[in-house]
Amino acid sequence: MSQKVLLSAKEISIILHRLACQLIENHQDFKDTVLIGIQPRGKFLAERLVKILTEEYHIQNISLGFLDITFFRDDFRRNEKPLEANKTEIDFVVDDKKIVFIDDVLYTGRSIRAALTAIQSFGRPSEIELLTLIDRRFSRHLPIQPDYRGRQVDAINNEKVVVKWKEYDGEDEVLLELKK
Ligand SMILES: O=c1cc[nH]c(=O)[nH]1
């Protein structure tokens, strides 16, 4: 399998700080804003951003939740193996809040479409934005675009973008892999 490094740990760190600053620019003290990591891998990015916002920019009491979309995907019945859901953890009210969905890779847009459906059972937010570390350009099946993007990547269909996090994968790195 061939691999190419798209982002190093240092580049990821710079991007995460920029994204945190862009969030502050639009959401100031986050009083009317909630951040929601899309399970499974958006959780890691959301936790990183909250760490930067809290420890480096001293913003307190940010509402952070995690949303599982497994059974909201339009293709979930096509799986041969039984699906295992991840945990949804939203222990705050989303009514009239600004939500920022956070995911590591934006590809077809189907996960975000599913997230938009799933969040409806929690209430009626005033608006929803999308933040993604990697925006795979020209890959969308739906009219969904990010409001905040780390890096735009041109990848063809038999390539996969793999985002690794130090806490879970041993290192911070974004790779482009040629699928077998
Ligand atoms: O390339 C891709 C596409 C979807 N999800 C990923 O993690 N990588």
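If you're wondering where the values come from, they're calculated on a predicted model, not measured in any experiment.

A.B. asks: What is the right way to read the overall build of the protein chain from this model?
C.D. replies: The helix and strand inventory of the protein chain stands at four helices and eight strands. For the protein chain, the succession of helices and strands along the chain, N to C, is β-α-β-α-β-β-α-β-β-β-α-β. Scaling as 2.2 N^0.38, a compact globule of 180 residues should have a C-alpha radius of gyration of about 16 Å, and the protein chain matches this with 16 Å. Expressed as a percentage of its 180 residues, the buried residues of the protein chain come to 44%. Sequence-distant contacts in the protein chain: of pairs separated by 6 or more residues, those separated by 24 or more amount to 69%. Of the roughly 10100 Å² of accessible surface on the protein chain, a fraction of 47% belongs to carbon and sulfur atoms.

A.B. asks: Help me out: how do you make sense of the environment of Phe66 in this one?
C.D. replies: By secondary structure assignment, the location of Phe66 is in strand β3 (residues 63-67). Expressed as a C-alpha distance, the spacing of Phe66 and Pro146, which sit 80 residues apart in the sequence, is 18 Å. For Phe66, the residues in contact, after removing those within four places along its chain, are Ile36, Gly37, Gln39, Lys43, Glu47, Lys87, Thr88, Glu89 and Ile90.

A.B. asks: Any chance you could explain the pattern of salt bridges here in plain terms?
C.D. replies: Oppositely charged side chains are able to pair whenever their charged atoms sit close together. This model, assessed by the stated rule, comprises 12 salt bridges. Close ionic contact of Asp29 with Lys31 constitutes a salt bridge, the shortest N to O distance being 3.6 Å. For Lys31, a relative accessible area of 61% gives the class exposed. Here the residues in one salt-bridge network are Arg48, Glu167 and Asp172, joined through shared partners.

A.B. asks: Got a minute to help me understand unusual backbone geometry in this structure?
C.D. replies: In this chain, Gln39 is followed by Pro40 through a cis amide linkage whose omega measures 0°. Of note, Pro40 is situated in the loop between β2 (33-38) and α2 (42-55). Phi angles above zero are rare outside glycine, and His58 is one such case at about 55°. Within the fold, His58 resides in the loop between α2 and β3. One non-glycine residue with positive phi stands out, namely Asp96, at about 65°. Among the secondary structure elements, Asp96 is positioned in the loop between β3 and β4 (98-106). Judged by its relative accessible area of 60%, Asp96 falls in the exposed class.

A.B. asks: Explain the sheet that holds β4 here, please?
C.D. replies: In sheet architecture, strand pairing relies on hydrogen bonds along the backbone and comes in two forms, parallel and antiparallel. The sheet built from five strands is open, its strands ordered β3-β2-β4-β5-β6 with parallel pairing. With partners counted over all chains shown, the strands left at the sheet margins are β3 and β6 (148-153), one partner each. Neighbour-to-neighbour, the strand axes of the sheet open up by a mean angle of 25°, direction not taken into account. When strand β5 (residues 127-136) meets β6, the two strands line up parallel, connected through five bridges. Bridged to Leu131 within β6 is Tyr148. Across the sheet, α2 touches β2, β3, β4 and β5, and the angle it forms with β4 is around 125°.

A.B. asks: Could you clarify how one ought to interpret the layout of surface pockets in this entry?
C.D. replies: Rolled over the atoms, a probe sized like a water molecule indicates the empty space that remains. There is about 830 Å³ of room inside the largest pocket. Lining the largest pocket we find 32 residues, and of these Pro40, Arg73, Val105, Ser111 and Lys160 sit closest to its centre. Listing elements by their share of the lining of the largest pocket, those giving two or more residues are β4, α3 (110-119) and β7 (159-164). Of the residues forming the lining of the largest pocket, the biggest block, five residues, is contributed by β7.

A.B. asks: What's the story with the site of the ligand in this structure? I'm lost.
C.D. replies: Around the ligand, the neighbouring residues are Val105, Tyr107, Arg136, Lys160 and Val161. With respect to the ligand, the side chain of Arg136 contributes an N or O atom lying 2.6 Å from an oxygen atom. Taking Val161, its main chain carries an N or O atom lying 2.8 Å from a nitrogen atom of the ligand. One can see that the ligand is located within the largest pocket. Along the lines of polarity and charge, the residues of the shell around the ligand split into three nonpolar, no polar and two charged.

Cut-offs and rules
- Residues numbered from 1 in each chain as written.
- Predicted model: local features only at pLDDT ≥ 70, side-chain atom pairs only at ≥ 80, totals over all residues.
- Heavy atoms only, no water.
- Helix = DSSP H or I, 4+ residues; strand = E, 2+ residues; numbered from the N terminus.
- Rg over C-alpha atoms; globule rule 2.2 N^0.38 Å.
- Buried < 20%, exposed > 50% of the residue type's maximum accessible area, 1.4 Å probe, protein only.
- Contact = heavy atoms within 4.5 Å.
- Areas by Shrake-Rupley, 256 points an atom, 1.4 Å probe, with all protein chains shown as cover.
- Salt bridge = Lys/Arg side-chain N within 4 Å of Asp/Glu carboxyl O.
- Pairing = 2+ DSSP bridges.
- Axes fitted to C-alpha atoms, helices over the stretch in contact; angles between N-to-C directions.
- 1 Å grid on protein atoms, 1.4 Å probe; cavity = no way out; pocket = protein on both sides within 12 Å on 5 of 7 lines; lining within 4 Å.
- Points joined across faces, edges and corners; volume = space filled by probe spheres on them.
- Near = heavy atom within 4 Å.
- Polar contact = N/O pair within 3.5 Å; in protein donor to acceptor, adjacent residues only side chain to side chain.
- Sits in = over half its atoms within 2 Å of the grid points.
- Nonpolar A, V, L, I, M, F, W, Y, C, P; charged D, E, K, R; others polar.

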